[in-house]
Number of protein chains: 2
Amino acid sequence: MESAIPEHLQCPRTRQRRVPDDYTPPYPSTVARFKPAVERVVMAYFGIQYRAEPAPEAATQALQRIAGSFEGDKAPGHWDRARYVDEAGFTNVISIGYWDDPDRFDAWFADFGSKWAGARNAFERAGIGTFTEVLRPSVQRFETLFSSDLPEGVAVLADGLSDVVQEHAYWGGARDRIPLSQTSEMAPAGQPSVVTEGRYQRVVPHDNLCLIRSGQDWAATERDERRMYLEDVEPVLRAGMNFLRDEGLPIGCFANRYMTVVDHEGRDTEKSFGMGWWKSLSALERWAESHTTHLAIFGAAMKYLATLGPAAKLRLYHEVTVAAAGEQLFEYFNCHSQTGMLRAG
Amino acid sequence: MESAIPEHLQCPRTRQRRVPDDYTPPYPSTVARFKPAVERVVMAYFGIQYRAEPAPEAATQALQRIAGSFEGDKAPGHWDRARYVDEAGFTNVISIGYWDDPDRFDAWFADFGSKWAGARNAFERAGIGTFTEVLRPSVQRFETLFSSDLPEGVAVLADGLSDVVQEHAYWGGARDRIPLSQTSEMAPAGQPSVVTEGRYQRVVPHDNLCLIRSGQDWAATERDERRMYLEDVEPVLRAGMNFLRDEGLPIGCFANRYMTVVDHEGRDTEKSFGMGWWKSLSALERWAESHTTHLAIFGAAMKYLATLGPAAKLRLYHEVTVAAAGEQLFEYFNCHSQTGMLRAG
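Keep in mind the model is a prediction, meaning the values are calculated, not measured.

1. Observations regarding the overall build of chain A
Regarding its fold elements, chain A presents six helices and 14 strands. For 345 residues, the compact-globule formula gives about 20 Å, and the C-alpha radius of gyration of chain A, at 19 Å, lands near that figure. Principal-axis analysis of the C-alpha atoms places the extent of chain A at approximately 60 × 50 × 40 Å. Taking all 345 residues of chain A together, the buried fraction comes to 47%. Intrachain contacts of chain A at a sequence separation of at least 6 include 77% that bridge at least 24 residues.

2. Quick look at the packing of helix α4 (residues 223-247) of chain A against helix α6 (residues 292-308) of chain A
A pair of packed helices can be characterised by two numbers: the angle between their axes and the separation between those axes. All names here are of chain A. It is the contact of α4 with α6, at a shortest axis distance of 8 Å, that shows an interaxial angle of 165°. Accordingly, the angle class assigned to the pair α4 and α6 is roughly antiparallel. Handedness of the crossing formed by α4 with α6: left-handed. Packed against α4, whose contacting residues are E225, M228, Y229, D232, V233, V236, L237, A239, G240 and F243, the element α6 presents T293, H294, A296, I297, A300, A301, Y304 and L308 at the interface.

3. A short note on the relation of the copies chain A and chain B
Superposition record for chain A on chain B: RMSD 0.0 Å, screw rotation 180°, translation along axis 0.1 Å. The transformation just described matches what one would write down for a two-fold rotation axis. Both copies share a contact surface, since 100% of the interface residues of chain A are interface residues in chain B too.

4. Comments concerning the nonpolar core
Looking at soluble globular proteins, one finds that nonpolar side chains tend to be buried together. In terms of nonpolar packing, the biggest core is built from 88 residues, with V42, Y98, C210, L211, W278, L284 and M341 of chain A touching the most fellow members. Ranked by residues supplied to this core, first place goes to strand β2 (residues 42-50) of chain A with seven residues. The two domains that each donate at least three residues to this core are domain 1 (7-38 + 138-190 + 206-325) and domain 2 (42-135) of chain A. Among residues more than four places away in sequence, those in contact with W278 of chain A are C210, I212, G252, C253, F254, A283 and L284 of chain A. If you look at the next biggest cluster of nonpolar residues, it comprises 85 residues, including F34, I128, L209 and A323 of chain B.

5. Details of the confidence of the model for chain A
A residue-level look at chain A finds 100% of positions with pLDDT of 70 or above and a mean pLDDT of 95. The complex model carries a pTM of 0.93, and its ipTM stands at 0.89.

6. Quick look at the interface of chain A and chain B
On the chain B side, the residues contacting the 21 residues of chain A number 21 residues. Only α5 (281-290) and α6 of chain A provide two or more residues apiece to the side of chain A that touches chain B. Broken down by element, the residue count for the side of chain A that touches chain B peaks at seven residues, all from α6 of chain A. Here the residues of the side of chain A that touches chain B are counted per class, giving nine nonpolar, six polar and six charged.

7. Topic: α6 of chain A
Its 17 residues give α6 of chain A an end-to-end C-alpha distance of 24 Å, which sits within 8% of 24 Å, the value for a rise of 1.5 Å per residue. Three or more residues of α6 of chain A are buried, namely L295, I297 and F298 of chain A. Along the axis of α6 of chain A, the buried residues cluster in a sector spanning 155°; they form a single face. Each element contacted by the buried residues of α6 of chain A is listed here: α4 of chain A together with α6 (292-308) of chain B.

8. Some remarks on the environment of W79 of chain A
All names here are of chain A. When you line up the elements, W79 lands in strand β3 (residues 78-85). On a C-alpha basis, the gap between W79 and L157 in space is 9.9 Å, while along the polypeptide they are 78 residues apart. Leave out the neighbours within four places in its chain, and W79 touches F70, S95, I96, G97 and Y98.

9. A word on the sheet that holds β2 of chain A
Hydrogen bonds along the backbone pair up the strands of a sheet, which may run parallel or antiparallel. Residues and elements named next belong to chain A. The strand order across the open sheet formed by twelve strands is β6-β13-β10-β12-β11-β3-β4-β2-β5-β14-β9-β8, and the pairing between neighbours is antiparallel. Where the open sheet ends on each side, the last strands, each with one partner, are β6 (142-146) and β8 (193-197). The sheet shows a mean angle of 20° between the axes of neighbouring strands, taken without regard to direction. Together, β2, β4 (91-99), β5 (129-135) and β14 (328-333) form the strand contacts of helix α2 (residues 102-117), whose direction differs from that of β5 by roughly 160°. Each of β10 (209-217), β11 (253-262), β12 (268-278) and β13 (315-323) touches α5; the most contacted strand, β10, lies at about 45° to it.

10. Observations regarding the pairing of strand β11 (residues 253-262) of chain B
All names here are of chain B. The element β11 is largely enclosed, with a buried count of seven among its ten residues. The pairing of strand β3 (residues 78-85) with β11 spans three bridges and is antiparallel. Paired with R83 across the two strands is T260, which belongs to β11. Judged from the eight bridges that link them, β11 and strand β12 (residues 268-278) form a sheet pairing that is antiparallel. Its bridge partner being in β12, N256 is matched across the sheet by G276.

11. Regarding the packing of α6 of chain A against α6 of chain B
Viewed as axis vectors pointing N to C, α6 of chain A and α6 of chain B meet at an angle of 155°, and their least axial separation amounts to 11 Å. The orientation of α6 of chain A with respect to α6 of chain B, classified from their angle, is roughly antiparallel. The handedness of the crossing between α6 of chain A and α6 of chain B is left-handed. Along the contact surface, α6 of chain A presents T292, L295, F298, G299, M302, K303 and A306 of chain A, while α6 of chain B presents T292, L295, F298, G299, M302, K303 and A306 of chain B. Counted by class, the contact of α6 of chain A with α6 of chain B contains eight nonpolar, four polar and two charged residues.

The rules behind each value
- Residues numbered from 1 in each chain as written.
- Chains lettered and ligands numbered in written order.
- Predicted model: local features only at pLDDT ≥ 70, side-chain atom pairs only at ≥ 80, totals over all residues.
- Helix = DSSP H or I, 4+ residues; strand = E, 2+ residues; numbered from the N terminus.
- Rg over C-alpha atoms; globule rule 2.2 N^0.38 Å.
- Buried ≥ 20, exposed ≤ 12 C-beta atoms within 10 Å, placed from the backbone.
- Contact = placed C-beta atoms within 7 Å.
- Axes fitted to C-alpha atoms, helices over the stretch in contact; angles between N-to-C directions.
- Parallel < 35°, antiparallel > 145°, perpendicular 65-115°, else oblique.
- Left-handed = near helix turned anticlockwise from the far one by under 90°.
- Least-squares fit on C-alpha atoms with pLDDT ≥ 70 in both.
- Core = buried A, V, L, I, M, F, W, Y, C linked by C-beta atoms within 7 Å.
- Domains from an automatic or database assignment.
- pLDDT = per-residue confidence, 0-100.
- Nonpolar A, V, L, I, M, F, W, Y, C, P; charged D, E, K, R; others polar.
- Expected span 1.5 Å × (residues − 1).
- Arc of directions from axis to C-beta.
- Pairing = 2+ DSSP bridges.

See the structure below:
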């Protein structure tokens with residue numbers, strides 16, 4: 001067992017972990033380990049938004065173009081794509097790129113990314129909405145967690161997975177896994193605001209915004225386990241995700257998307273994730289640990305894992321980031337007013 | 001809103017609370033406020049144990065005698081009594097006295113208490129078991145919490161109840177309400193051990209033992225609320241209490257009693273409480289926040305409170321103490337080996 005905080009990011013503490021030094025988690029989990037040379041990563045969400053089905057030709061083209069841009073020497077180290085229909089009835093498809101070299105991202109962004117949802121962009125006359133949501137946190141400012149040895153999201157860029165870590169399976173574990181928590185409360189400062197210039201909108205960020213991507217992969221489940229996931233767990237998860245989407249704002253959740261991962265041809269996979277933009281890690285913690293919708297998710301998941309034990313084939317993971325204002329970029333072009341961080345304005 | 005830690009016990013922190021300064025709990029709770037002159041309280045549990053029903057004459061006499069000793073100038077400021085049938089089939093009746101003046105307790109104890117379950121005691125030939133479990137924590141070492149304005153337990157000695165407090169309704173709230181948590185992890189040190197001298201047994205204590213008394217009073221509930229408590233909440237609570245009684249030891253619960261409060265004539269009231277002896281506050285926290293049995297209790301209680309809102313007539317309270325070794329006394333005479341802290345040996 002080792003600390004979730006890698007040795008080279010450990011520092012003299014002014015703040016304590018929530019668990020004693022002899023704490024042993026009741027089941028094993030691992031975290032992504034990046035090479036010490038990696039100082040910062042980029043998590044970039046590029047969305048398209050449209051109402052009609054089937055997808056308009058412009059949407060298909062946009063998806064092809066960004067997939068094309070994700071090849072070559074400035075390309076992200078990993079990317080994936082997910083889809084969901086939002087509360088306003090729009091289909092949103094988001095292509096998510098991960099870089100572990102901000103310079104390479106900047107070069108890619110100058111070439112292609114800035115034209116995705118910028119004030120002047122490639123889709124101005126295409127009749128679809130586009131949006132860009134980027135965090136570029138220092139390695140002090142995010143954490144990951146995995147129930148299996150199959151990395152997802154930013155962890156695909158990592159050098160590998162850790163041994164079993166100590167800081168998990170208790171409320172506050174995510175905070176304790178973020179290196180910055182050794183010395184900072186990571187309290188939010190300020191409020192995000194939206195600047196509108198015609199069909200172009202951008203968000204002026206606040207300090208210590210929190211993003212969670214929390215996913216599940218049931219592709220490997222069979223028979224009873226699959227039925228248990230789909231019938232006992234998934235509906236409870238969906239209810240919680242919908243609560244955050246529809247009623248999250250007063251508790252600090254700016255936006256929540258419960259997305260199905262699609263393959264590069266656009267077909268649904270047996271993976272999904274929730275991604276949520278939060279005012280602060282603290283607000284996310286409060287929902288997770290006290291709201292009936294999340295306790296129901298947690299209870300269903302615990303019952304599931306208790307029933308199946310180590311034989312469980314369901315794969316779970318998440319990544320949680322607390323981003324400084326200077327580590328955020330939000331641009332929306334021709335999107336409806338309830339899109340992503342526009343709800344924060 | 002105010003801090004659960006009274007002003008005169010606040011000190012420069014070396015450890016942080018779990019919630020940010022602008023945290024607002026989702027519903028109101030209060031804590032007991034003692035006069036600043038109170039530096040230490042005594043919580044003293046005096047049990048009798050017998051197998052036969054109806055109660056043997058010796059049991060009835062013992063209960064009468066201790067009730068008699070609870071009168072006069074050295075008497076506890078408050079006492080109550082509760083009963084349960086333990087896992088070995090024995091009836092246990094515990095008379096619980098609370099003092100806010102340790103000297104007065106010591107004088108009472110020299111007169112009467114030491115004869116309750118000491119090596120030579122008043123019930124040696126009576127054929128019943130007796131036991132004495134006493135904590136005398138400094139005011140830095142315990143906390144209380146109330147959902148109503150009706151004090152119970154040690155809080156009856158208090159000057160009154162606080163305004164609504166900030167540190168509650170999140171995991172870790174109990175720790176944050178204990179003044180010592182400002183500067184100490186309150187980690188357990190050592191292991192309790194049992195010394196047996198014939199029918200007399202005592203426990204050599206360890207540092208930072210934790211006691212929780214967590215109660216409910218449904219006397220004021222009516223109709224739907226009463227049905228909801230008795231049918232939806234109480235069975236879930238009972239299951240959790242039985243889990244701790246029967247399977248608590250590996251997770252750090254030395255003993256757990258789910259007791260019915262009885263009046264001074266021995267009749268059941270509509271109040272109950274669980275009392276648990278734990279290796280540490282940390283062990284109690286882990287069970288409360290992650291074990292399915294407690295999450296079920298928590299979920300049922302939250303659903304209940306969400307349904308009823310401020311109209312709820314159910315009264316809830318608890319007191320949690322973390323006691324230094326020198327603040328503990330455990331004596332057992334002629335008790336079976338699974339009684340209270342004897343299970344720790």
